[in-house]
Amino acid sequence: MSVETTSPTTNQQPATTIHKKIKSICCIGAGYVGGPTMSVIAQKNPDIKVTVVDLNEQRIADWNDADLSKLPIFEPGLDAVVEEARGRNLFFSTDVNQAIAEADMIFISVNTPTKTYGAGKGMAADLKYVELCARQIAEVATSDKIVVEKSTLPVKTAQAIKSILDNTGNGVKFQILSNPEFLAEGTAMTDLANPDRVLIGGDQTPEGKAAIQSLVDVYGAWVPQAQIITTNLWSSELSKLVANAFLAQRVSSINAISELCEATQANVEEVARAIGMDSRIGPKFLKASVGFGGSCFQKDILNLVYISKSLGLNEVADYWEQVIIMNNHQRDRFANNIVSTLYNTVSGKKIAFLGWAFKKDTNDTRESAAIYVADRLIDEQAQIYVYDPKVSAKQMQADLNYLSTRTETENAKYLQTQTDPYKAVEGAHAIAVLTEWDEFKSYDWQKIYDNMSKPAFVFDGRNVLNQEALEAIGFQVQSIGK
Ligand code: UDX
Ligand code: ADP
């Protein structure tokens, strides 16, 4: 414990209450958020013991595998950080209770998928995993704890967690903080090492401020104080949803313009460049695509829409829902364009997919546009052959089965996976680029052309290939927004 009277280097109000120096951290959930975030916290704070726990035994075994290529998450740079900290002060375990009991600070990093049942089905976040964590913490804790929400949660979730902890606990004191994660997959390690900002929300009471300061100190090990901002709990929870909604809105905005470009012979890349150089608009997140995916954007906007509707703010709800409507339209439009270009029938035709992940440099496929496009083309009885450098065949089948109403056996008849990209495209009528993996650019496109059915079509859903060069070979190319 240290007594904090002033905090000269921070932009925070000085915490007047005693704030705790954290010695032991537990993180519940060893997924895309918990795993990388805790690895970096442990790397930068060698004096803090960090234990990441998960119910999923295979996942924990993979995190502990001596062969770092077996880590359950592919994220550039993650293996080196795990190698440095694992066994020193970073541990992965399935013993959730022990880790909770030992920790001063507990991060909740479990999944909060969109509800698939009951009230708010298809929109609200399913908080059952979060609630289970809160109940488990309440049951096991015998000393005061700071509980940190890391998962994206609907605004006001902290109140529910607090109520469970305070009413079912063993009389120990809990402080709840919100510390949303802003890392993007594929660049998680650099985002964590060098974040634009770290956001910490907490109660504006002396105890709440002391808890905030304890977490500020953890990040302060490597993040400049000016980049650590603190707010009340509700602003922090809401800011995460709003940040993702604004980012997704930019993608849907440029995707809407991509359709207009195709109808007017404008070029969406030229338009994006021209508008992005206006410093008020900025150049980032203006890449037209087959549609955004990932675990956050759709879920968080649906959440925002649901919350707005619940509060009777129908115009606000409709405004944000349009971002999702546009994204659905972009995916459908891409699939429909393949069908109409291939003479209105793809039945029995081989269509090769390059990429299945929702973006490059990750093995995550949640909400990937590829799944939706495949489902739509399989409705038309196309034969899909997929190559992705990091996604397993099992994962692709699971994704399709989750989305589609067809039986697993039927889906398996239409979706094949290839581990060699040249095999995936052999004899294909068309290639659809669904993920912007860099390696696609350096393929031998002449060889690919020679081995395809003619006319050979390329539908570039990511504007990753050189359209002119492919056309010079003989391909018929359609790129988004051109
Ligand atoms: C996002 C937020 O960026 C991150 O801050 C938050 O913590 C989690 O959600 P992530 O989902 O990992 O991160 O990826 P992001 O880079 O935001 O991309 C989301 C989707 O939008 C991807 O499918 C991507 O391909 C697409 N996208 C992004 C575009 O289509 N065009 C763009 O210009 C940018
Ligand atoms: P995210 O992208 O938010 O990290 P993931 O699905 O990758 O989401 O990770 C969430 C992890 O949380 C999963 O590995 C899941 O097994 C784990 N999990 C969910 N509920 C609990 C729980 N009550 N106790 C421990 N782990 C849990």
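Residues numbered from 1 in each chain as written. Chains lettered and ligands numbered in written order. Predicted model: local features only at pLDDT ≥ 70, side-chain atom pairs only at ≥ 80, totals over all residues. Heavy atoms only, no water.

Asker: Help me out: how do you make sense of the sheet that holds strand β4 (residues 105-108) in this one?
Answerer: Hydrogen bonds between backbone groups are what pair the strands of a sheet, and the pairing can be parallel or antiparallel. Judged by pairing direction, the sheet is mixed, and its eight strands sit side by side in the order β3-β2-β1-β4-β5-β6-β7-β8 without closing on themselves. The open sheet terminates on both sides in strands that have one partner only, identified here as β3 (90-93) and β8 (228-231). When the angles between neighbouring strand axes are averaged without regard to direction, this sheet yields 25°. Of the strand pairs in this sheet, strand β1 (residues 24-28) and strand β2 (residues 49-53) are connected by five bridges, and their pairing is parallel. (Pairing = 2+ DSSP bridges. Helix = DSSP H or I, 4+ residues; strand = E, 2+ residues; numbered from the N terminus. Axes fitted to C-alpha atoms, helices over the stretch in contact; angles between N-to-C directions.)

Asker: Sorry, what's going on with the pattern of salt bridges here?
Answerer: Side-chain pairing between opposite charges can occur once the charged atoms of the two side chains come close. Counting across every chain of the model gives 21 salt bridges. Put simply, Arg135 and Glu131 hold a salt bridge, and the shortest N to O gap is 2.8 Å. A residue pair is termed a helical-turn pair when its members lie 3 or 4 positions apart in one helix, as Arg135 and Glu131 do in helix α5 (residues 128-140) at four residues. One salt bridge connects Arg462 with Glu436, and the closest N-O pair in it is separated by 3.8 Å. With Arg462 in the loop between β13 (457-460) and α18 (467-473) and Glu436 in the loop between β12 (430-433) and α17 (445-450), this residue pair connects regions lying 26 residues apart in the sequence. Note on Arg462: relative accessible area 13%, which makes it buried. Relative accessible area serves as the criterion here: at 22%, Glu436 is assigned to the partly exposed category. The network of salt bridges with common partners includes Glu185, Asp364 and Arg366. (Salt bridge = Lys/Arg side-chain N within 4 Å of Asp/Glu carboxyl O. Buried < 20%, exposed > 50% of the residue type's maximum accessible area, 1.4 Å probe, protein only.)

Asker: I'm lost on the UniProt feature "domain: UDP-glucose/GDP-mannose dehydrogenase C-terminal" (unreviewed entry) in the protein chain in this one. Help?
Answerer: The UniProt record marks residues 352-467 with the feature "domain: UDP-glucose/GDP-mannose dehydrogenase C-terminal" (unreviewed entry), using the residue numbering of this structure. With 35% helix and 16% strand, residues 352-467 has its two end C-alpha atoms placed 18 Å apart. (UniProt positions renumbered as here; feature names shortened; annotations may be inferred.)

Asker: What is the right way to look at the pairing of β12 in this model?
Answerer: Two faces make up the sheet, and in a regular strand the side chains alternate between them. Here β12 shows two buried faces, one formed by Ala430 and Ala432 and the other by Ile431 and Val433. Inspection of the sheet shows β12 paired to β13 by four bridges, in the parallel sense. Bridge assignment links Ile431 to a residue of β13, and that residue is Val458. In this fold, β12 hands off to α17, which returns the chain to β13; that crossover is right-handed. (Right-handed = clockwise from strand over helix to strand, strands pointing away.)

Asker: Help me out: how do you make sense of the nonpolar core in this one?
Answerer: Across soluble globular proteins, nonpolar side chains show a tendency to be buried alongside one another. One finds Ile351, Phe353, Trp356, Ile431, Trp445 and Phe475 to be the most contacted residues of the largest nonpolar core, which totals 60 residues. In this structure, Ile431 is in contact with Ala352, Leu354, Val425, Trp445, Ile448, Met452, Phe457, Val458 and Phe459, ignoring residues within four places of it in sequence. Counting residues in each nonpolar core, the second largest holds 43 residues, with Ile25, Ile60, Leu90 and Phe92 among its members. (Core = buried A, V, L, I, M, F, W, Y, C linked by side-chain atoms within 4.5 Å. Contact = heavy atoms within 4.5 Å.)

Asker: Could you clarify how one ought to interpret helix α13 (residues 369-379) in this entry?
Answerer: Three or four residues apart is the spacing at which side chains of an α-helix point the same way, because the helix has 3.6 residues per turn. Of all eleven residues in α13, eight are buried, a share of seventy percent or more. For α13, every residue scored as buried is listed here: Ala369, Ala370, Ile371, Val373, Ala374, Asp375, Leu377 and Ile378. Residues of α13 that are buried in the fold lie against α12 (314-341), β9 (350-354), β10 (383-387), α14 (393-403), α15 (408-414) and β11 (415-417). Following α13 by one or two positions, Gln381 adopts a phi angle in the positive range, close to 65°.

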